[in-house]
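# An overview of the molecular structure
Okay, here's what each chain looks like letter by letter:
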Amino acid sequence: MLRLITGIRGASGFGSASTAEEVTEGIDASGFTVIVTGGASGIGWETARVLALRKAHVIIAARNMEAANEAKQRILNENRAARIDVQKLDLSSMKSVKAFADNFLALNLPLNILINNAGIMFCPFQLSEDGIEMQFATNHIGHFYLTNLLLDKMKETARATGIGGRIVNLSSVAHLVCPYEGIRFHNINDKDSYQDKLAYGQSKLANLLHANELSRRLQEEGANITVNSVHPGLIMTNLMRHSAFLMRILRVFTCFLWKNVPQGAATTCYVSLHPSLKGVTGKYFVDCNEYKPSKLARDEVLARNLWDFSNNLVNASQKIDK
């Protein structure tokens, strides 16, 4: 907490006050292809902007194509040499996730870095078109499915280039505020017991567990890909649109805990690009430094159960589509 308030730098040399540009200064990402989900606004846009500034080819994956094209133009207005493309992706729809992956793979591009950034927060109860509670569907299942669909391309790229791929899941300190059992496997879609903040925390815990289990599996098979999760910090963005009034009040009393957008994107950019993290996997980062997550987030049995549960949801949806 003291480090967050004061901006004191940790072992990485960076801290809560560091910006995305600062933590990537001097890094040449030319030759890298990066996908950033939710890259049309907020810290996703800043992540896309800075990675393009470091010469990466960035694919902005977004649900709102008008906003995505405007985001692309804003980056190009600042950096004419930026390589930015946009593709439609609605993470709450497995059909859309599959279409995005198919379209990307058809481009025959390499894929070095996947940043699972997009998300929704504190929304009223709603089921996705696949019949899954919306926060869990968007924040976790969509990214779980997308990652699986793109994993072979990442492995192929890592083998061909000899450069390790990196997957970054945006989690949150909110993973601490979740149901007591962690993931409510047996009543994930129960409207009567739904609490928006617990559901959000559950989805953020799922992001952490997914990263840890995928990291374990990739290490087991010897794949040259790392998987880590990050907490970006408290930032006032469109993510908070369902609770903007409450958050503005909260911010008055906790102003010293909040970051601006360039600071909020720093940890994502650090974990995505910094050479000091070569080979580092299965970790959780806060303020550009490794941090110990909750006991539930470190539960290997829970992570395996979530993996199987998520696979079953994806497989069930695919059978319905057929």
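Anything mentioned here points back to the structure above.
Let me begin by describing the structure that accompanies this report. Note that the structure is predicted; figures quoted are calculated from it, not measured.

Rules of the game
- Sequence order as written defines residue numbering, which begins from 1 separately in each chain.
- Two thresholds apply to this predicted model, a pLDDT of at least 70 for residue-level local features and 80 or more for giving and counting side-chain atom pairs, whereas whole-chain, interface and lining totals are computed over all residues.
- Only hydrogens and water are removed before side-chain values are computed, so all heavy atoms of the structure are retained for them.
- Helical segments are the DSSP runs of H or I of at least four residues, strand segments are the runs of E of at least two, and each set is numbered from the N terminus.
- Note on classification: 1.4 Å probe, protein chains only; a residue is buried when its accessible area is under 20% of the maximum for its type, exposed when over 50%, partly exposed between these limits.
- What sets the accessible areas is the Shrake-Rupley method with a 1.4 Å probe; for residues, cover comes only from the shown protein chains.
- Patches were defined on residues exceeding 30% relative accessible area and lacking a salt bridge, with like-charge contacts within 9 Å and nonpolar side-chain contacts (Val, Leu, Ile, Met, Phe, Trp, Tyr) within 5 Å.
- Here a salt bridge means any side-chain nitrogen of Lys or Arg lying within 4 Å of a carboxyl oxygen belonging to Asp or Glu.
- When DSSP finds at least two bridges between two strands, those strands are taken to pair.
- Here a residue-residue contact requires only that any non-hydrogen atoms of the pair lie within 4.5 Å.
- Throughout, an axis means a line fitted to C-alpha atoms (over the contacting stretch in the case of helices), and angles, computed between N-to-C directions, take values from 0 to 180 degrees.
- For a helix, the expected span equals 1.5 Å multiplied by the number of residues minus one.
- Here the angle decides the label: under 35 degrees means roughly parallel, over 145 means roughly antiparallel, 65 to 115 means roughly perpendicular, and every other value means oblique.
- Here a crossing is called left-handed whenever its near helix is offset anticlockwise from the far helix by less than a right angle, and right-handed whenever the offset is clockwise.
- Note on residue categories: nonpolar means Ala, Val, Leu, Ile, Met, Phe, Trp, Tyr, Cys or Pro, charged means Asp, Glu, Lys or Arg, and polar means any other residue, Gly included.
- Two cysteine sulfurs form a disulfide in these notes if their separation is within 2.5 Å.

## As for the overall build of the protein
Within the protein, the regular secondary structure consists of eleven helices and eight strands. Here the protein, with 322 residues, has 55% of them falling under the buried criterion. In the structure as shown, the protein presents an accessible area of about 14,500 Å², 52% of it carried by carbon and sulfur atoms.

## A few points about a nonpolar patch on the surface
A cluster of nonpolar side chains, Val173, Leu176 and Val177, forms an exposed patch at the surface whose accessible area comes to about 250 Å². In this structure, valine 173 sits in the loop between β5 (165-170) and α7 (196-221).

## Observations regarding the sheet that holds β5
Strands sit in the order β3-β2-β1-β4-β5-β6-β7-β8 across an open sheet of eight strands; the sheet is mixed. Every other strand in the sheet has two partners, leaving β3 (83-88) and β8 (289-290) as the edge strands with one partner each. In terms of strand pairing, strand β2 (residues 57-62) meets β3 through six bridges, oriented parallel. Opposite alanine 61, over in β3, you have glutamine 87 as the bridge partner. In this fold helix α4 (residues 65-78) packs onto β2 and β3, with an angle of close to 175° to the strand it touches most, β3.

## Comments concerning helix α3 (residues 42-53)
For α3, with twelve residues, the first-to-last C-alpha span of 17 Å sits near the 16 Å given by 1.5 Å per residue. The buried fraction of α3 amounts to ten of the twelve residues, a majority that puts the element mostly inside the structure. Within α3, the full set of buried residues consists of Ile43, Gly44, Trp45, Glu46, Thr47, Ala48, Arg49, Val50, Leu51 and Ala52. Looking one or two residues beyond α3, the residue adopting positive phi is lysine 55, at roughly 80°.

## Notes on helix α10 (residues 266-273)
Counted residue by residue, α10 has eight buried out of eight residues, so it is predominantly covered. Buried residues of α10: Ala266, Thr267, Thr268, Cys269, Tyr270, Val271, Ser272 and Leu273, and no others.

## A closer look at the packing of α3 against α10
With their axes 9 Å apart at the nearest point, α3 and α10 run at an angle of 40° to one another. Viewed along their axes, α3 and α10 adopt a mutual orientation that is oblique. Of the two possible hands of crossing, α3 and α10 adopt the one that is right-handed. Here α3 contributes Thr47, Val50 and Leu51 to the contact with α10, which in turn contributes Thr268, Cys269 and Leu273. Class assignment of the residues belonging to the contact of α3 with α10 gives a composition of four nonpolar, two polar and no charged.

## Some remarks on the packing of α3 against α4
At a minimum axis distance of 10 Å, the contact between α3 and α4 shows a crossing angle of 35°. Crossing of α3 against α4: the hand is right-handed. Judged by residue contacts, Trp45, Ala48, Arg49 and Ala52 of α3 engage Ala71, Arg74, Ile75 and Glu78 from α4.

## Observations regarding the state of the cysteines
One pass over the structure, following the stated rule, counts zero disulfides. Sulfur of cysteine 288: no disulfide; nearest cysteine sulfur belongs to cysteine 269 and is 8.8 Å away.

## Structural notes on the pattern of salt bridges
This structure, assessed with the given rule, holds 13 salt bridges. Where lysine 98 meets aspartate 102, a salt bridge forms, and the shortest distance between an N and an O atom there is 2.9 Å. Highlighted residues: lysine 98 and aspartate 102, both in helix α5 (residues 94-106), separated by four residues, approximately one helical turn. Residue class for lysine 98 comes out partly exposed when judged on its relative accessible area of 33%.

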